[in-house]
Structures are given as structure tokens and as C-alpha cells.
Amino acid sequence: MRALRALRRAVPAASRSSSSSSSSSSSSSSSPAVGRPRRRAWEASLSPLERVRRLLPPEEAAAVSRCAAAAAAEPAPSRGPEEEGEMDEMAATTAAPRGGVFEAAGALPAPFRAGELALAELRKKDRTLKVMCRLASGAVLAGPGGVLPHDDIIGQMPGQVLPTSAGKRLLLRRPSLEEYVLLMPRGPTIAYPKDVSAMLMMMDVHPGDTVLETGSGSGAMSLFLSRAVGPKGRVISYEIRDDHHNLAKKNYRHWRTAWEIGHVDEWPDNVDFILRDISTAAADMKSVTLDAIVLDMLNPQSALPVVHPSLKQGGVCAVYLANITQVIDLLDRIRTCKLPFLCERIVEVTHRNWLVLPAKIKDCKSSQMVETQENIEEPPQKEYEEIHIEDQAVLKESEYNGSLSDDAETCRSVPYIARPSYWQEGHSAFLTKLRKFRPLLS
């Protein structure tokens, strides 16, 4: 009996001693060991559930852990044949093309088809050549890099590189509107995209606006205005010369046709080309309310008395002039005739092109690469030959891919040079912003 009582007393004592020893061991393990580096916070990757669990009290944290374990052990619900069929049909309708063009958001672009425009890029030593063509079965694309049949382009996806008969590689893609207006057939000098974008910002053109353009030219400004006003807007373009009028309509029609082939949505048919002198169109302007006006003609001061009554109060008239003397004549005519216009800005848009390319020293090794080899004692990289060009410094195509390893690219072993390019865009025009105001009553 005494032995049984002694055994009962020994069991709680042993449990207390074991708990105290475990607590001491846990406290000692929690304290940082001497000589061992402290573990950083970013070295331990915690899951979102673990982060939440550490913020809760012990009882709630244990309940969260039990729920997470039960959810992980529960098998995924099986789908019936009907649900599987619905899921397959939904996936098919999301990714399937309609009429050769993907209509779902984020879908892949459609391949080239006959009748649309294709832009071929050929990289030369000193420049990049761009050739635009309209794809047709049986035709060929002929250029400095050789011949490429259109049948080899039709059916291919944009962004691919195709070889020519001379072994040159051409990058094929669809042209943008900026590239189209620079490469399309032109008679008079076009309004360059850098000036067009500034004029659109001056006029603050919105979708649904009605804009008047005097001087259709080759149709460049008409295309940008057509996109700016949208399907619900309207562009009225006057041209006095018959050849310019026909060329503008032709370029506009070709762009719309190619766009409808290669895109889901249609390009809006919202430009009215009128063959007439704007100075004699006062009767036509009486029935029109204009949100903005673009004057691209030699004597814009002759058109202002005719068009300003149709411009809404506070509207902007943007004038495109090549010489500053023309700007002076325009402002003098506004002052002497007391036209309700205020000259807000006269700007000249300039772009400065820069050259950013890998730089090399004369021993065909970059300075950073030499420093890396001396400090880290890595094996030397493969030497590569340098080709110096007036505006570029590039490597041979055969050696460029294998000249630098992944470690060299990670360490930035090739330094870069950055300087303004030798080829800069010169003067194109002076842009004058005129704001219509209501004159004070005397």
C-alpha cells in the first residue's frame, strides 16, 4: 500500500520535471545560438494562411489549422458528363475564331490574308528598311533584300521572320497608322505624325465631334481625324486640286479595306471628301456646327472669314504652316480684319533620337568584362568581332547569340553607350493654335 502511494507521488513529479525541462529546452531553442547567423525575415517564405494564423490567439489558430487540414484532405468534387460538356463548350467558344479572326479578348492575332497590308522590315548595317505591300495571291515582294512571294506570307502570323530568295531575313507584321501614312503614295507633303498628334491635342478632339479640314493633301490628317472622332463623328475635308482630292480618297479607302480584313471591328466611314475651294463654300458652312478646324493650306487667312461663323464659341482652329512668315501674315490678317480669334500658342514640334547600344573597346572586349574577369577570376568569354557603323554598333548575327553567356548578361559584362543619334528629324511646320472668342459689345 505504501509502495502504491509512493508511485502515485512520483508520477506528478516526473511530469512536472519533464514539462520544466521541455520549456527550458524550447526557450533555449528560441534564443539565438551563439555563433550562428541570425535568420532574415525574407529567408522564410510564409504562406498567407500561416501569416493569418500567427496573428490569431492560440485557440483560434489551432481551429484554423484544423479547418485547412480538413479542406486539403477532402477530395475534389467530381463533375458529371453534362458539366464536363458545358465546360468544354465554354472553352471552345472562348478560343475559337470566327471568320478567321479571333473575337475573344486577349486572343491571338489573326494570320495574314489576301487583300490586307503587310510591312516587311530589313535590318541593314546603317539603317532599317521598311517596305509595305498589299498581299495578293501570285504576287511577289521585291526589295533590296531579294524576292519573297506573297503566298509565303499569306497564312503566316504577324511577327514572324521569313527568308527571301537572297537569304535575307524579313520581319513581317501589320503596319500601324503612323507607318501607313509615311509609306503610302503621296502627292503633296503630308502632315507628319509628330505634328498631327500635337494638333489633335490642341483641338481636344473627342469621339462624336465634327471637324473641318481644309487641304486634304494625301489624306494623312484625314485618317488621324477619322480615328479621333470615331463612328459617331464626322470629318469634312475640302480640297481645291483634283489630283490631291483623288489621292486622299484612294489612300483612305485602301486603309479602310485592309483594316476590315485584318481586324474584327470596321474602320468608320466618317470622312466626306469635297472637291471645292473653301473660300467659296460660305453657303455650305451655314448649316454646319464645327467643334474644331484644321487649316493646312498656303493662305489660311482667306478661309478664316468663311469658316469662323460655323465654329462653336471656345473652339480651336489649328493652322499648319511651313514658314514663320506665313504665321506673321495670318496673325496680321486676324488683327486687321478683327476676326474673333486669339492666338494661344505657336509651337514647333521636334524629336531628338537617341542611340543606346552595347559599347566595346579596341581589343574586342568590353571594359566591364575585363574588370569582371580580374576580380572574380571567371573563365574569359568568347571574343567577338565588332562592326562600327555611323549610327549603330552591332555584332555579327552568327556570333551574337553565342558570344555572351547567361552569367555575362546577369553581371552586365557589356557596358552601354548612350548619345544622340546622328540622324535627327528636322523642321516640318509651325503649329498655330487659334481660339474663337465672343467679342465685347461696344
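Each chain carries its own residue numbering, running from 1 in the written order of its sequence. This being a predicted model, a pLDDT of at least 70 is required before a residue's local features are given, and a value of 80 or more before pairs of side-chain atoms are given or counted; all residues contribute to the totals for chains, interfaces and linings. Excluded from the side-chain calculation are hydrogens and water; included are all heavy atoms of the structure.

### Structural notes on the nonpolar core
Note the threshold: Here, nonpolar core means buried Ala, Val, Leu, Ile, Met, Phe, Trp, Tyr and Cys residues that are tied together by side-chain atoms lying within 4.5 Å of each other. Each residue gets one of three labels from its accessible area relative to the maximum for its type: buried under 20%, exposed over 50%, partly exposed in between, using a 1.4 Å probe on protein chains only. For the purposes of this entry, the term helix denotes a DSSP run of H or I that reaches at least four residues, the term strand denotes a run of E that reaches at least two, and both are numbered from the N terminus. Between two residues, a contact is recorded if the distance between any of their heavy atoms is within 4.5 Å.
Val181, Leu200, Met203, Met221, Leu225, Trp255 and Leu431 are the most contacted members of the largest nonpolar core, which totals 39 residues. Secondary-structure elements contributing two or more residues to this core are helix 6 (177–183), helix 7 (193–203), helix 8 (220–229), helix 9 (242–262), strand 9 (271–275), strand 10 (290–295) and strand 11 (311–321). Setting aside its immediate chain neighbours within four residues, Trp255 contacts Leu117, Pro175, Ser176, Leu177, Tyr180, Leu223 and Trp267. With 25 residues, the next largest nonpolar core counts Val306, Leu311, Leu330 and Phe341 among its residues.

### Remarks on the sheet that holds strand 5 (residues 160–163)
Counted only if it meets this: Two strands form a pair only when DSSP identifies at least two bridges running between them. Inter-axis angles, ranging from 0 to 180 degrees, are taken between N-to-C directions of lines fitted to C-alpha atoms, where helices are fitted over the stretch in contact.
Overall, antiparallel pairing links the 4 strands, which are arranged 2-1-6-5 in an open sheet. Because the sheet does not close on itself, it has two edges, and the strands there are strand 2 (128–134) and strand 5. Taking each pair of neighbouring strands and ignoring which way they run, the sheet shows an average axis angle of 30°. Alignment of strand 1 (residues 117–123) against strand 2, held across 7 bridges, turns out to be antiparallel. Bridge pairing in strand 2 places Leu117 opposite Arg134.

### With respect to a nonpolar patch on the surface
Threshold: Patch membership requires more than 30% relative accessible area and the absence of a salt bridge. Residues of like charge join within 9 Å; the nonpolar side chains Val, Leu, Ile, Met, Phe, Trp and Tyr join within 5 Å. Only the protein chains shown count as cover for residues, and the accessible areas themselves come from Shrake-Rupley with a 1.4 Å probe. The rule for a salt bridge is simple: a side-chain nitrogen of Lys or Arg has to be within 4 Å of a carboxyl oxygen of Asp or Glu.
Nonpolar side chains collect at one region of the surface, where Ile324, Ile328 and Ile346 lie side by side and expose about 260 Å² of accessible area between them. Overall, Ile346 belongs to the partly exposed group, its relative accessible area being 38%.

### Thoughts on empty space enclosed by the protein
Our working definition: We place a 1 Å grid over just the protein atoms. Points where a 1.4 Å probe fits but has no way out form a cavity, open points with protein on both sides within 12 Å along at least 5 of 7 lines form a pocket, and any residue with an atom within 4 Å of a point lines it. Grid points are joined across faces, edges and corners, and a volume is the space filled by probe spheres set on the points. Ten residues, namely Ala, Val, Leu, Ile, Met, Phe, Trp, Tyr, Cys and Pro, are considered nonpolar, four, namely Asp, Glu, Lys and Arg, are considered charged, and the remaining ones, Gly among them, are considered polar.
Overall, the coordinates contain 2 cavities of 30 Å³ or more when judged by the stated rule. Counted as a void, the largest cavity has a volume near 90 Å³. Residue lining of the largest cavity: Ala120, Glu121, Leu122, Leu129, Val131, Leu141, Ala142, Gly143, Pro144, Gly145, Gly146 and Leu170, and that is the complete set. The residue inventory of the lining of the largest cavity, partitioned by class, reads 8 nonpolar, 3 polar and 1 charged.

### Observations regarding the pattern of salt bridges
Between side chains of opposite charge, a pair can form as their charged atoms come close. Overall, the coordinates contain 13 salt bridges when judged by the stated rule. Arg174 is the salt-bridge partner of Glu116, the closest N and O atoms lying 2.8 Å from each other. Here Glu116, found in the loop between helix 4 (81–95) and strand 1, pairs with Arg174, found in the loop between strand 6 (169–173) and helix 6; they are 58 residues apart in sequence, far enough to count as distant. Grouping residues by exposure puts Glu116 and Arg174 together as buried. A single network of salt bridges, built from pairs that share partners, joins Glu121, Lys130, Arg173 and Glu179.

### Notes on the pairing of strand 10
Of all 6 residues making up strand 10, 6 are buried, and the element is well covered by its neighbours. Direction of pairing for strand 7 (residues 210–214) relative to strand 10: parallel, over a ladder of 4 bridges. Bridged to Leu212 within strand 10 is Ile293. Taken together, the 5 bridges between strand 10 and strand 11 define a ladder with parallel strand orientation. Within strand 11, the residue paired with Leu295 across the bridge is Val319.

### Regarding the sheet that holds strand 8 (residues 234–239)
Pairing in this open sheet of 7 strands is mixed, and the strands run 9-8-7-10-11-17-12 from one edge to the other. Both outer strands of the open sheet, strand 9 and strand 12 (341–347), are each paired with one neighbouring strand and no more. With direction set aside, neighbouring strand axes in the sheet form an average angle of 15°. Its contacts with the sheet place helix 12 (residues 324–337) against strand 11, strand 12 and strand 17 (430–436), and it is angled at close to 15° to strand 17.

### Observations regarding the packing of aromatic side chains
Threshold: Here the aromatic set is Phe, Tyr and Trp, taking the six-membered ring for Trp, and pairing holds for ring centres within 6.5 Å; pairs whose planes are under 30 degrees apart are stacked, those over 60 apart are edge-to-face, and all others are tilted. Whether a charge sits over a ring depends on NZ of Lys or CZ of Arg being within 6 Å of the ring centre and within 35 degrees of the ring normal.
Under the definition given, this model contains 5 aromatic pairs. Measuring from centroid to centroid gives 4.9 Å for Tyr180 and Trp255, while their planes differ by 40°, and the two rings are tilted. With Tyr180 in helix 6 and Trp255 in helix 9, this residue pair connects regions lying 75 residues apart in the sequence. Judged by its relative accessible area of 5%, Trp255 falls in the buried class. Look at Trp255 and Trp259: their rings are 5.9 Å apart centre to centre, the planes differ by 40°, and that puts the pair in the tilted class. Pair noted here: Trp255 and Trp259 are both in helix 9, with a separation of 4 residues, about one helical turn. One aromatic cluster is present, formed by Tyr180, Trp255, Trp259 and Trp267 through successive ring pairs. Residue placement shows Arg174 over the ring face of Phe112; its charged tip is 5.3 Å from the ring centre.

### A look at the environment of Asp284
Just so we agree on the cut-off: Side-chain atoms alone can form a polar contact between residues adjacent in sequence; in general such a contact is a pair of N or O atoms within 3.5 Å, and within protein one must be able to donate a hydrogen while the other accepts it.
With respect to the helices and strands, Asp284 occurs in helix 10 (residues 282–285). Placed 22 residues apart in sequence, Asp284 and Val306 show a C-alpha to C-alpha distance of 9.8 Å. Ignoring any residue separated from it by four or fewer positions in sequence, one finds Asp284 in contact with Tyr238 and Arg276. Only 2.6 Å separates the side chain of Asp284 from the side chain of Arg276, close enough to count as a polar contact.

### Thoughts on the confidence of the model for the protein
Rules: Predictor confidence is given residue by residue as pLDDT, running from a minimum of 0 to a maximum of 100.
When pLDDT is averaged across the protein, the result is 76; 64% of the residues are at 70 or more. Below a pLDDT of 50 lies the segment residues 17–33, which in the model reaches 0 contacts outside its immediate sequence neighbourhood of four places, other chains included. Throughout residues 86–108 the model reports pLDDT below 50, and contacts reaching past four residues in sequence, or to other chains, amount to 18 contacts.

### A word on the side chain of Ser237
Considering the arrangement of structural elements, one finds Ser237 in strand 8. Beyond its immediate chain neighbours, meaning those up to four positions away, Ser237 contacts Glu213, Ser216, Ser222, Val271, Asp272, Phe273 and Ile274.

### Remarks on helix 7
Of all 11 residues making up helix 7, 9 are buried, and the element is well covered by its neighbours. Buried within helix 7 we find Pro193, Lys194, Asp195, Val196, Ala198, Met199, Leu200, Met202 and Met203. Residues of helix 7 that are buried make contact with helix 6, helix 8, strand 10, strand 11, strand 12 and strand 17. Just past helix 7, the residue Asp204 takes up positive phi, approximately 55°.

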